[in-house]
Amino acid sequence: MSFLRWLLHIAYGLLALVCVAFGIYFAVENPQVIAPVIAGNALYSGSVGVWLISTLLLGVLLGFLASLLPVYSQRRRVRGLNKQLKKLERELHAAHQKVSGD
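Residues numbered from 1 in each chain as written. Predicted model: local features only at pLDDT ≥ 70, side-chain atom pairs only at ≥ 80, totals over all residues. Heavy atoms only, no water.

**Some words on helix 2 (residues 48-100)**
For step 1, the next point in the chain: Look at helix 2: 78 Å from first C-alpha to last across 53 residues, which is about the 78 Å you get at 1.5 Å a residue.
For step 2, the next point in the chain: Where helix 2 ends, the next residue or the one after it, G101, has phi of about 85°, a positive value. (Helix = DSSP H or I, 4+ residues; strand = E, 2+ residues; numbered from the N terminus. Expected span 1.5 Å × (residues − 1).)

Quick look at the structure:
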């Protein structure tokens, strides 16, 4: 199992390197300078490649952060259920002691 996990980490690392290399190649091949305007505000001038890569990375980051919300909500739910389980286990233990006469 650890060998497969190790192999998967290597595959993800190689995929990340290929993506970075593609991004660098894309930025070098598109040197045209643009200054995007968002909500009436002109942003700094940069090449088309740099702007596309930066917006892609921003989108990936926002998507990753959005995918974490259900994880934290499930963790909170698990914490509450664990508290409830411990309380019920204490009640069960007390009931067993009461029945057995200890």
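**Notes on the side chain of S47**
For step 1, the next point in the chain: Positionally, S47 belongs in strand 4 (residues 46-47).
For step 2, the next point in the chain: Of the residues examined, S47 reaches a relative accessible area of 15% and is grouped as buried.
For step 3, the next point in the chain: At 3.2 Å, the side chain of S47 and the backbone nitrogen of V50 are in polar contact.
For step 4, the next point in the chain: In contact with S47, other than residues within four places in its own chain, are A27, N30, P31, Q32 and V33. (Buried < 20%, exposed > 50% of the residue type's maximum accessible area, 1.4 Å probe, protein only. Polar contact = N/O pair within 3.5 Å; in protein donor to acceptor, adjacent residues only side chain to side chain. Contact = heavy atoms within 4.5 Å.)

**Things to note about the packing of aromatic side chains**
The geometry of an aromatic ring pair is captured by two quantities: the separation of the ring centres and the angle between the planes.
For step 1, the next point in the chain: Evaluation of the coordinates by the stated rule reveals three aromatic pairs.
For step 2, the next point in the chain: When the ring of Y44 is compared with that of W51, the centres are 5.0 Å apart and the planes differ by 35°; the resulting orientation is tilted. (Phe/Tyr/Trp six-rings, centres within 6.5 Å; stacked < 30°, edge-to-face > 60°.)

**Regarding the packing of helix 1 (residues 2-29) against helix 2**
Pairs of packed helices are described in terms of their axes, by the angle between the two and the distance that separates them.
For step 1, the next point in the chain: At a minimum axis separation of 6 Å, helix 1 and helix 2 run at an interaxial angle of 145°. On helix 2, the residues that touch G23, F26 and A27 of helix 1 are G49, V50, L52 and I53.
For step 2, the next point in the chain: Residues of the contact of helix 1 with helix 2, tallied by class, amount to five nonpolar, two polar and no charged. (Axes fitted to C-alpha atoms, helices over the stretch in contact; angles between N-to-C directions. Nonpolar A, V, L, I, M, F, W, Y, C, P; charged D, E, K, R; others polar.)

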